[in-house]
Each structure stands twice: as C-alpha cells, then as structure tokens.
Amino acid sequence: MNKLFLTLLITMLSFAGWSQEQRLQIQKVKKGEEPPAVMDAVRAQFPEAIVDQLSYLPYKLYGEEWNVRVDGTPLEDVSLYKVHIKQGQKEFNGVYDKNGKLLSSQTFVDFAALPADVRASLDKFKDWHVDHAHEYIQYNGKKTSDTYRVKLQKGAEHKILFMDPQGNIRNTRVTLF
C-alpha cells in the first residue's frame, strides 16, 4: 500500500512540475502596433526592403538560435523584436531592442559568398555534404563579432559549424534527424 501511495505521490509531483514549466514564444506584432523606433531603424538601414515579418522576442530567448518553438503562451517580457526582411533575392533577420538598436543580424548567403578561408576549412569534412543553408551572423555589442554558420549532412547526421572569417571553428553542434 505504501509503495502504491509513494508511486502516486511521485507521479502527481512530476505532473505538477511539468505543468508549471513556462514556455516562451515568439509572437507576431499586430499591424498598427509596430514600434516606431524599430521601424525607423529598419527603413534607415534597408530603404528598399520589405518587412516580411515582425515579432516580439522575449529577452530570455535572445541568443538561443534563430529558430525558436512557438506556442500559445502569452509573453511576459517583451523587450526585443525579431525582424525578417526581404530585399530582392536577399533575406535578412535582425534582432532590435525597443529603441531601434540592431543587436544582431543574420544574412543568408550563397556558398560562393563565404570567405575563401571558411570554404577551405570545409575541406576537412570531405565525407560530409554541405547543406543549402549558409548564414553570416553579426553580433553587435561592445565588440562586433562576425560568425559564419554552415550546415553539413552525412546520412541522417547533421553538423552545424560556427566559424570565424578566417575559417576557425568556434563551435560545433551535431544532431540526428
């Protein structure tokens, strides 16, 4: 009887902890509610671009990759905005603060547009196929940091390399899909 009671208690506590888990989300900004400072900054930096999507980005999600799970939980801390921009054939993502300061950016680039040192470093991965997604990421803080993100694939295994402009690997992530 005690084992049954203990098992039920542990199960109930597990569900209670699971239900209290807070999920953060990216939520689209409604038309007419665009922050003027952010929109002015985007227009100044990209006068011919089209803002494809503007979203609230909870500060806790900043720096957690560019793709963040979306669900229906309301936002509590809106201090950043994620902007997706299209200009001709180019695409750009930017994270702005509420005052319109660009904090980081992501530009999708062709393989040929990667620096020669980055492309040369990929020769170490001859058994891997270079995926279609290449990105130039720039972090604007006290010091600007340029990073190239290249996705590689070998069978079901995927590897993401984060490289500096000289082709040095800063970080690697391996995933199985």
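As the structure is a prediction and not an experimental result, all values here were calculated from the model.

Asker: I'd like a description of the overall build of the protein, backed by residues and values.
Answerer: When you go through the protein residue by residue, the secondary structure sums to three helices and nine strands. Buried residues in the protein amount to 36% of all 177 residues. Look at the contacts in the protein between residues 6 or more apart in sequence, and 51% of them connect residues 24 or more apart. If you sum the accessible surface of the protein, you get close to 11800 Å²; carbon and sulfur atoms cover 53% of it.

Asker: Go over the nonpolar core, please, and point to the residues and values.
Answerer: Among the nonpolar cores identified, the biggest contains 14 residues, and V38, L54, V83 and Y96 are the most heavily contacted of them. V109, L122, W128 and V150 belong to the second-largest nonpolar core, a separate cluster that totals twelve residues.

Asker: Account for the packing of aromatic side chains, with residues named and values stated.
Answerer: Per the counting criterion, the structure on display carries three aromatic pairs. Between Y56 and Y81, the aromatic rings sit 5.6 Å apart at their centres with planes inclined by 50°, giving tilted as the arrangement. Residue Y56 is located in strand β2 (residues 50-58), and its partner Y81 is located in strand β3 (residues 78-87); the two are separated by 25 residues in the primary sequence. Residues Y56 and Y81 agree in their burial class; the two are buried.

Asker: Please set out the confidence of the model for the protein residue by residue, giving values where relevant.
Answerer: Close inspection of predicted coordinates is inappropriate in any region flagged by low pLDDT. Mean pLDDT for the protein: 75, with 69% of residues reaching 70 or above. Under a pLDDT of 50 for its full length, residues 65-75 has, in the predicted model, 31 contacts with residues more than four places off or in other chains.

Asker: I'd like a rundown of the pattern of salt bridges, residues and numbers included.
Answerer: If you walk through the whole model with that rule in mind, you get one salt bridge. As a salt-bridge pair, R43 and D40 come within 3.0 Å of each other at their nearest N and O atoms. You can see R43 and its partner D40 sitting in helix α2 (residues 36-45), three residues apart, about one turn around the helix.

Asker: Explain the pairing of strand β4 (residues 90-97) to me, using residue names and the numbers behind them.
Answerer: In terms of burial, β4 is largely enclosed, as six of its eight residues are buried. When β4 meets strand β5 (residues 102-108), the two strands line up antiparallel, connected through five bridges. Among the inter-strand pairings, N93 is bridged to a residue of β5, identified as Q106. Here β4 hands over to β5 after four residues, with G100 in that stretch at a positive phi of 90°.

Asker: Could you give an account of the environment of V42, with specific residues and numbers?
Answerer: One can find V42 in helix α2. Considered as a pair, V42 and G100 are 58 residues apart in the sequence and their alpha carbons are 7.9 Å apart. Excluding its chain neighbours within four sequence positions, the residues that come into contact with V42 are V51, V83, I85 and Y96.

What counts and what doesn't
Residues numbered from 1 in each chain as written. Predicted model: local features only at pLDDT ≥ 70, side-chain atom pairs only at ≥ 80, totals over all residues. Heavy atoms only, no water. Helix = DSSP H or I, 4+ residues; strand = E, 2+ residues; numbered from the N terminus. Buried < 20%, exposed > 50% of the residue type's maximum accessible area, 1.4 Å probe, protein only. Contact = heavy atoms within 4.5 Å. Areas by Shrake-Rupley, 256 points an atom, 1.4 Å probe, with all protein chains shown as cover. Core = buried A, V, L, I, M, F, W, Y, C linked by side-chain atoms within 4.5 Å. Phe/Tyr/Trp six-rings, centres within 6.5 Å; stacked < 30°, edge-to-face > 60°. pLDDT = per-residue confidence, 0-100. Salt bridge = Lys/Arg side-chain N within 4 Å of Asp/Glu carboxyl O. Pairing = 2+ DSSP bridges.

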